Amino acid sequence: MSASSPLFNTFARIPLRFERGEGVWLVTDKGERYLDFAAGVAVNSLGHAHPHLVEALKDQAERLWHVSNLYEVAGQEKLAERLTAETFADKVFFNNSGAEALETAIKTARRYHFAKGHPEKIDIITFEGAFHGRTLATIAAGGQAKYMEGFGPKAPGFVQIPAGDIDLLKETIGETTAALMIEPIQGEGGVRSVDKAFLKALREICDEQGLLLIFDEVQTGVGRTGTLFAYQQTGVTPDIMAIAKGIGGGFPVGACLASDEAASGMVPGVHGTTFGGNPLAMAVGNAVLDVVLEEGFLAHVREMGLLFRQGLAELKDRYPDVIEEIRGEGLMVGVKAKVPAGELAAAMRDEKLLSVPAGDNVVRLLPPLTVSDDEVREGLARLSRAAAKLSPARSA
Ligand SMILES: Cc1ncc(COP(=O)(O)O)c(C=O)c1O
């Protein structure tokens, strides 16, 4: 893009322009086909142009696009009922993005304590390496200096500590603590899984001290890790959960889920949204669930995840000077690189394989959950060629 572009210069964009997509494939304006193992950063959960989603969107578009949340909105209760039936939650608030769903989660936690007569309880403890979005509250929640620099004072009420240190956590909790907030697997942070014992300890501490436990499942949710939500593999249940990305399959949808108790402060008038839960978003969200909840779908994700990670482990053995470690669950996969992660991602792109760099020198591979075994093997073959090109031993 030229320097004279009318767009804000906030994205270091790769000069590729995709015009259409089919399943796991993206096609550029020049007709080149890329294997999309980025899926819009875990967004296109069912790949591109999935017929059931296209149909649902078209059908809704012909009937009704928008009504205000002053009225009952088509599809909202149905989607909320399905989400609550499948999870710990009793209540859902719909938003348009991940950061917005987290803002709702944070407000829900603070408002819970306020309604219980504790307006002083506003602090949310989060964990180093976290990413919760780019709004003023969520950059403060993530606590990463690079995202806060130049945006004024850090929003108050967020405290970061390293994950895994129970003693430090107990020392940090005080009279003003409202909630603990964590991604069960850090995405942007480098596909870093959180120890299950640590998550269990968080739950126990919250129960003992009357705090709320918030999970950020914006990236891990909706089948990505092989269960509908990642928390379902941990034995730990949150009180509040933010989701987005995969639930819309590419249409902007976010949601905050909460237990009745956790949502008890969210009474009429205290929160709102113009576009959240609009009929188009609800039609697509319901259509995504039609597919993800089909019998065998999540088993397919687990199977493809296993096949992929086994293949990647072989590549790690073959190219130990390029690949250091394979991480992740289901189809949320991280390759920790020995070479700069950006170089590995660029070499993959040269092989027409799309990935997403993350922190901790990791390249994320987040294929659509509908990926087939042949497509997984194709991805591995492309990654192998990319690694071979970068392998110093080979080029020596
Ligand atoms: C774990 C997590 N939380 C929150 C967000 C923010 O979501 P959004 O970009 O839709 O605001 C992201 C986005 O990458 C994410 O991965």
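Conventions adopted
Think of each chain on its own: its residues are numbered from 1, step by step along the sequence as written. In keeping with the model being predicted, local features are shown solely for residues with a pLDDT of at least 70 and side-chain atom pairs are shown and tallied solely at 80 or more, while totals for entire chains, interfaces and linings include all residues. To get the side-chain values, all heavy atoms of the structure are used, and hydrogens and water are removed first. UniProt positions are given in the numbering used here, feature names are shortened, and annotations may be inferred rather than shown by experiment. Throughout, the term near means that a residue has one or more heavy atoms lying within 4 Å of the molecule or strand in question. Think of a polar contact as two N or O atoms within 3.5 Å of one another; within protein, one of them needs to be a possible hydrogen donor and the other a possible acceptor, and neighboring residues in sequence only count if both atoms come from side chains. Residue exposure ignores everything except the shown protein chains as possible cover, and the areas themselves are Shrake-Rupley values with a 1.4 Å probe. Strands here mean DSSP runs of E at least two residues long; helices mean DSSP runs of H or I at least four residues long; both are numbered from the N terminus. For this scheme, ten residues count as nonpolar: Ala, Val, Leu, Ile, Met, Phe, Trp, Tyr, Cys and Pro. Four count as charged, namely Asp, Glu, Lys and Arg, and the remainder, Gly too, count as polar. When a carboxyl oxygen of Asp or Glu is within 4 Å of a side-chain nitrogen of Lys or Arg, the pair counts as a salt bridge. Type-normalised accessible area, obtained with a 1.4 Å probe on protein chains alone, sets the label of each residue: buried when under 20%, exposed when over 50%, and partly exposed for intermediate values. Two kinds of site are reported from a 1 Å grid over the protein atoms alone, namely cavities, where a 1.4 Å probe fits but cannot get out, and pockets, open sets with protein on both sides within 12 Å along at least five of seven lines, and residues are called lining when an atom falls within 4 Å of a point. Grid points are joined across faces, edges and corners, and a volume is the space filled by probe spheres set on the points. Paired strands are those between which DSSP finds at least two bridges. To obtain each axis, a line is fitted to C-alpha atoms, and for helices this fit is confined to the stretch in contact; angles are then taken between N-to-C directions over 0 to 180 degrees. In this description, contact between two residues means that some pair of their heavy atoms is separated by no more than 4.5 Å.

- Taking an unreviewed UniProt entry as the reference, the chain is identified by name as Acetylornithine aminotransferase belonging to Martelella radicis.
- Taken from UniProt, the Sequence similarities (unreviewed entry) comment for the chain reads in full: "Belongs to the class-III pyridoxal-phosphate-dependent aminotransferase family. ArgD subfamily."
- Quoted verbatim from the Subcellular location (unreviewed entry) heading of the UniProt record, the comment on the chain is "Cytoplasm".

## Topic: the site of the ligand
Argument step 1. Within the structure, the ligand sits among 13 residues, and Gly98, Ala99, Asp216, Gln219 and Lys245 are positioned closest to it.
Argument step 2. For the ligand, an oxygen atom lies 2.8 Å from a polar atom in the backbone of glycine 98.
Argument step 3. A distance of 3.2 Å is found between an oxygen atom of the ligand and a side-chain nitrogen or oxygen belonging to glutamate 188.
Argument step 4. Here the ligand has 390 Å² of accessible area as a free molecule, and 82% of this is covered by the chains.
Argument step 5. Looking at which element gives the most residues to the shell around the ligand, the answer is helix H4 (residues 98-115), with three residues.
Argument step 6. Among the residues making up the shell around the ligand, the classes are represented as four nonpolar, five polar and four charged.

## Describing the pattern of salt bridges
Argument step 1. A full pass over the atoms with the stated rule returns 17 salt bridges.
Argument step 2. Note that aspartate 360 is salt-bridged to arginine 327, the shortest N-O span being 3.0 Å. Highlighted residues: aspartate 360 in the loop between strand E16 (356-358) and strand E17 (362-365) and arginine 327 in strand E13 (residues 323-329), separated in sequence by 33 residues.
Argument step 3. Salt-bridge contacts for glutamate 351 lead to arginine 385; the nearest nitrogen and oxygen are separated by 2.8 Å. One end of the pair, glutamate 351, is in the loop between helix H11 (341-350) and strand E15 (353-354); the other, arginine 385, is in helix H12 (residues 373-390), with 34 residues separating them in the sequence.
Argument step 4. Given the relative accessible area of 9%, glutamate 351 is considered buried.

## Quick notes on empty space enclosed by the protein
Argument step 1. Following the criterion strictly, the structure yields two cavities of 30 Å³ or more and no others.
Argument step 2. Here the largest cavity is characterised by a volume of approximately 50 Å³.
Argument step 3. Taken together, Leu136, Ile139, Ala140, Met148, Phe151, Gly152, Pro153, Lys154 and Ala155 make up the full set of residues lining the largest cavity.
Argument step 4. The element that contributes the greatest number of residues to the lining of the largest cavity is helix H5 (residues 136-142), accounting for three residues.

## Concerning the sheet that holds E13
Argument step 1. Pairing is antiparallel in the open sheet, where four strands are placed in the order E13-E14-E17-E16. The strands lining the two open edges of the sheet, one partner per strand, are E13 and E16. Direction aside, the axes of adjacent strands within the sheet are offset by 30 degrees on average.
Argument step 2. In terms of strand pairing, E16 meets E17 through three bridges, oriented antiparallel. Bridging across to E17, proline 357 finds its partner in valine 363.
Argument step 3. Packing of H11 onto the sheet brings it into contact with strand E14 (332-337), E16 and E17, and relative to E17 it is tilted by some 40 degrees.

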